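Structure assessment
Okay, here's what each chain looks like letter by letter:
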Amino acid sequence: MTTQSVDWWVRRSYLGGLAGASDGGNANQGIVRSPVLGGLFDGDPVGTVYLLTSGTSWTPNFTGTVSVEAIGGGGSGSSAATGASYGCGGGGGGYSKKNSLSVLANTAYAYSVGAGGLGVNGSDVSGNAGGDTWFNGASLAASSCGAKGGGAGTTSGGAGGAAASGVGDVKDSGGAGGSAPATFAPAGGGGAAGPNGGGKAGGNVTSPNRGGGGGGGNGGGSATAGSVGGSSVGGAGGTGSSGTAGGAGGATSGSPNGAAGSNGSGGGGGWGNASSGSTAGGAGGDGDEWGANKGSGGGGGAPGNRTTTTAGAGGLYGGGSSGVLTGGTAANGAQGAIRVVRLT
């Protein structure tokens, strides 16, 4: 189902009043016509926002122009046996915007929303890349606006969705996943790019530290990269573009889990010391540039090194997930999204 956000109150009270509707306008009616203005207000009003998170086709009920924004899906992190160079974070999805695109009423426009990379578990297994997102075309390259998905974590962090592979007037790259050479603990996922700029990288892990890397913040503004995992304390998640602090890292054996991010900030890394017990990375925060829980997502924080680990998922939309150790619970990168706004 296509998700559409419409200011129905404005439409009912203003447009319905012009049309002479006794109730101020029928909110269930696809087209509101004004007998006085001769159809000038046909279709949804200027400023209507359509958030496309599923489906394959969008049909406007007006002829005019729209802006289009796209975020690619986030990649998933790789899974490692302790001591191997896996456990690296997935890359965040890229961002693109088409400033103005002409559309015709009752014409179907094809699109594709990039899926988040599926999480993996096993001994030295690569993650999965996030899917590309595009609008008005049969492929990313043939579209009017499109953004590249984040890369898979392998023996290094997945690349952020590249701006160079996107289509549009404005293009930014997602943040790279963190790396964990000679893995002692997994690394964080990269943040997605968004309207304010490029995504930030997930936190790395360096030998002999056992704390998980923090997830990267979402695109631009005040965003920062995820912090490197400490000797046992997890790295803090990166700050989000709006200035929201990332999730705190797990600090003790009694409080080993990283905190989730919010408003596009990265999730915190988990505590670890190669002992028995569990640890989890915090999920990346959902973005807020397009409204509450709608925007470019933060990267997932990685678990620390303990016997039972849970990866941090990427935040909506397009955040990359962290790496994980063999036998742990994997997490997916976050799906992409498309935002269409009527201009005229």
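Residues numbered from 1 in each chain as written. Predicted model: local features only at pLDDT ≥ 70, side-chain atom pairs only at ≥ 80, totals over all residues. Heavy atoms only, no water.

So, on to the pairing of strand β3 (residues 64-71). Judged by how many residues are buried, β3 sits mostly within the fold: eight of eight residues are covered. Across seven bridges, the pairing between β3 and strand β5 (residues 95-103) is antiparallel. Bridging across to β5, Gly64 finds its partner in Val103. Both β3 and strand β13 (residues 337-342) contribute to a ladder of six bridges, which runs antiparallel. Bridge pairing in β13 places Ile71 opposite Ala337. (Buried < 20%, exposed > 50% of the residue type's maximum accessible area, 1.4 Å probe, protein only. Helix = DSSP H or I, 4+ residues; strand = E, 2+ residues; numbered from the N terminus. Pairing = 2+ DSSP bridges.)

Here the focus is the nonpolar core. Proteins that are soluble and globular tend to have nonpolar side chains buried together. Core analysis: the biggest nonpolar cluster contains 17 residues, and Leu52, Trp58, Val66, Val68, Phe135, Ile338 and Val340 have the highest contact counts within it. When residues of this core are traced back to their parent elements, those giving at least two are β1 (49-52), β3, β5, β6 (109-112), β8 (145-147) and β13. With three residues, β3 is the single largest residue contributor to this core. With near-sequence residues (within four places) excluded, Phe135 lies in contact with Leu52, Trp58, Val68, Leu101, Tyr109, Ala110, Tyr111, Ser143, Ser144, Cys145, Ile338 and Val340. Counting eight residues, the second largest nonpolar core, distinct from the first, contains Leu51, Tyr95, Ala193 and Trp290. (Core = buried A, V, L, I, M, F, W, Y, C linked by side-chain atoms within 4.5 Å. Contact = heavy atoms within 4.5 Å.)

Taken together, four strands build an open sheet; the order of strands is β2-β6-β7-β8 and the sheet is antiparallel. The outermost strands of the open sheet, each flanked by one partner alone, are β2 (57-58) and β8. Pairing of strand β7 (residues 133-135) with β8 involves three bridges; the strand directions are antiparallel. Across the sheet, residue Thr133 finds its bridge partner in β8, namely Ala147.

By the definition in use, this model includes five aromatic pairs. Ring centres of Trp58 and Phe135 lie 6.0 Å apart, and the angle between their planes is 55°; on these two criteria the pair is classed as tilted. Of this pair, Trp58 sits in strand β2 while Phe135 is found in strand β7, placing the two residues 77 residues apart along the sequence. Neither residue differs from the other here; Trp58 and Phe135 are each classed as buried. When the ring of Tyr109 is compared with that of Phe135, the centres are 6.3 Å apart and the planes differ by 10°; the resulting orientation is stacked. A residue pair is termed long-range when its members are at least 10 positions apart, and Tyr109 in strand β6 and Phe135 in strand β7 qualify at 26 residues. The rings of Tyr50, Trp58, Phe62, Tyr109 and Phe135 are connected pair by pair, giving a single aromatic cluster. (Phe/Tyr/Trp six-rings, centres within 6.5 Å; stacked < 30°, edge-to-face > 60°.)

Turning next to the confidence of the model for the protein chain. Taken over all residues, the pLDDT of the protein chain has a mean of 89, while the share at 70 or more is 87%. Taken together, the stretch residues 1-40 has pLDDT below 50 and engages in 64 contacts with residues farther than four places along the chain or on a different chain. (pLDDT = per-residue confidence, 0-100.)

Turning our eyes to something else, we now look at the pattern of salt bridges. Here the structure, examined in full by the defined rule, presents two salt bridges. In this structure, Arg339 and Glu69 form a salt bridge, with 3.1 Å as the shortest nitrogen-oxygen distance. With Arg339 in strand β13 and Glu69 in strand β3, the pair connects residues that are 270 residues apart, well separated along the chain. Look at Glu69 and you get buried, because its relative accessible area is 4%. Note that Lys148 and Asp132 form a salt bridge whose closest N and O atoms lie 3.4 Å from each other. Of the two residues, Lys148 sits in the loop between β8 and β9 (170-172) while Asp132 sits in the loop between β6 and β7, which places them 16 residues apart along the sequence. Owing to a relative accessible area of 30%, Lys148 belongs among the partly exposed residues under this scheme. (Salt bridge = Lys/Arg side-chain N within 4 Å of Asp/Glu carboxyl O.)

Our next topic: the sheet that holds β13. The sheet built from five strands is open, its strands ordered β1-β13-β3-β5-β9 with antiparallel pairing. Of all the strands in the sheet, the pair left with one neighbour each is β1 and β9. Direction aside, neighbouring strands of the sheet carry axes that sit 20° apart on average. Bridge count between β1 and β13: four bridges; the pairing is antiparallel. In the sheet register, Val49 faces β13, and the bridge partner there is Val341. (Axes fitted to C-alpha atoms, helices over the stretch in contact; angles between N-to-C directions.)

Next up on the list: the environment of Ala142. Its location among the elements puts Ala142 in the loop between β7 and β8. What makes Ala142 partly exposed here is its relative accessible area of 49%. Spatially, the C-alpha atoms of Ala142 and Val167 are 8.6 Å apart, while their sequence positions differ by 25 residues. The contact partners of Ala142, leaving out residues within four places of it in the chain, are Asn136 and Gly137.

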